[in-house]
Amino acid sequence: MKRSKLIEYLDHYLRLADIQDYGPQGLQVETANEEIQRVALAVDVAPPIIEAAAGWEADLLLVHHGLLWRSVERIAGPLGSRVRALMAAGINLYAAHLSLDAHPEVGNNAVLARMFGLEQIESWGEIMGTQLGVIGQVPPVSLEQFVQLVDRRLETTARVLAGGLEMVRRVAILSGAGADLAGAARALGADTYLTGETAHTQYWRASDHGLNVIYAGHYATETVGVRALGDHLQAQFGLDIRFFDFPTGM
């Protein structure tokens, strides 16, 4: 299909115009290639990912973490290298960051909620004016069993701070770097909080708030959205879709 039609559809479907972000989202690198048949999916943009997508002859690389963030950078150094590689391979780059976290169907948090059986789901976790996370009930299960489910389905090894109840009943989810919102999750009645990454400064937060916190990895919690979006595009337009897995362990 024409690149312009796909970009128009994605911008509308992901509500890019309605969601503030840390940098411009959507089409970030436009090449001379205007025909899209093969769409490579990835969480990040890095030289080995671009190389793999080029080897597959992708027309577009769709990622969660793009190239453009808070400040306008020079197209030089590592950024320049990435842009040159994309241009040389004729791979257009499309990024969907907070819009993909927040999407009610293919968003990281919506997919995680379905994956772990949340019911009576509400939105929470406001970032830059948009509530990205989800919170809801699960059938009572031990913390150990819930963590085993997380590890199995996300193919990760989560770090757990068991500061709350032994049985899990109300779970808050915020993919990626959500450690700072542990207190907000507890205030909404969550006994367990699933997020991506943490830091030393967060260590005592679990016991302070009486909360179980599961750190399943920034990367692992944000593979699900691009995969779901890829499945949607394949069903909608019959495009060739392939996810390129480059785990960081973070």
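Provided above is the structure to which this section pertains.
These numbers come from a predicted model, not from an experiment.

Caption draft 1: Here's a closer look at the packing of helix H2 (residues 47-55) against helix H3 (residues 77-89). It is the contact of H2 with H3, at a shortest axis distance of 10 Å, that shows an interaxial angle of 0 degrees. In terms of axis orientation, H2 runs roughly parallel to H3. Of H3, the residues touching H2 (which contributes Pro47, Ile50 and Ala54) are Arg82, Ala85, Leu86 and Ala89. In terms of residue class, the contact of H2 with H3 is built from six nonpolar, no polar and one charged.

Caption draft 2: Up close: the packing of aromatic side chains. Scanning all chains against the criterion turns up six aromatic pairs. The interplanar angle of 55 degrees and the centroid separation of 5.9 Å between the aromatic rings of phenylalanine 116 and phenylalanine 146 together place this pair among those described as tilted. Taken as a pair, phenylalanine 116 in the loop between helix H5 (108-115) and strand E5 (119-127) and phenylalanine 146 in helix H6 (residues 143-154) lie far apart in primary sequence, 30 residues in all. Just as phenylalanine 116 is buried, phenylalanine 146 falls in that class too. Relative to tryptophan 204, the ring of tyrosine 203 lies with its centre 4.8 Å away and its plane at 90 degrees, an arrangement referred to as edge-to-face. On the basis of relative accessibility, which here comes to 57%, the residue tryptophan 204 falls in the exposed class.

Caption draft 3: View of the nonpolar core. Ranked by size, the top nonpolar core spans 47 residues in total, and within it Leu14, Leu62, Tyr94, Phe116, Leu154 and Leu229 carry the most contacts. Broken down by element, this core gets its largest block of residues, six residues, from H6. Excluding residues within four positions of it along the chain, leucine 154 makes contact with Leu112, Met115, Phe116, Ala216, Ala220, Thr221 and Val224. Among the nonpolar cores identified, the runner-up in size contains 20 residues, and Val45, Ile50, Leu79 and Phe244 belong to it.

Caption draft 4: Spatial organisation of H5. Within H5, seven of the eight residues are buried, leaving the element largely enclosed by the surrounding structure. Along H5, the residues classified as buried are Asn108, Asn109, Ala110, Val111, Leu112, Ala113 and Met115. Phi for glycine 117, located one or two positions after H5, is positive at around 70 degrees.

Cut-offs applied
- Residues numbered from 1 in each chain as written.
- Predicted model: local features only at pLDDT ≥ 70, side-chain atom pairs only at ≥ 80, totals over all residues.
- Heavy atoms only, no water.
- Axes fitted to C-alpha atoms, helices over the stretch in contact; angles between N-to-C directions.
- Helix = DSSP H or I, 4+ residues; strand = E, 2+ residues; numbered from the N terminus.
- Parallel < 35°, antiparallel > 145°, perpendicular 65-115°, else oblique.
- Contact = heavy atoms within 4.5 Å.
- Nonpolar A, V, L, I, M, F, W, Y, C, P; charged D, E, K, R; others polar.
- Phe/Tyr/Trp six-rings, centres within 6.5 Å; stacked < 30°, edge-to-face > 60°.
- Buried < 20%, exposed > 50% of the residue type's maximum accessible area, 1.4 Å probe, protein only.
- Core = buried A, V, L, I, M, F, W, Y, C linked by side-chain atoms within 4.5 Å.

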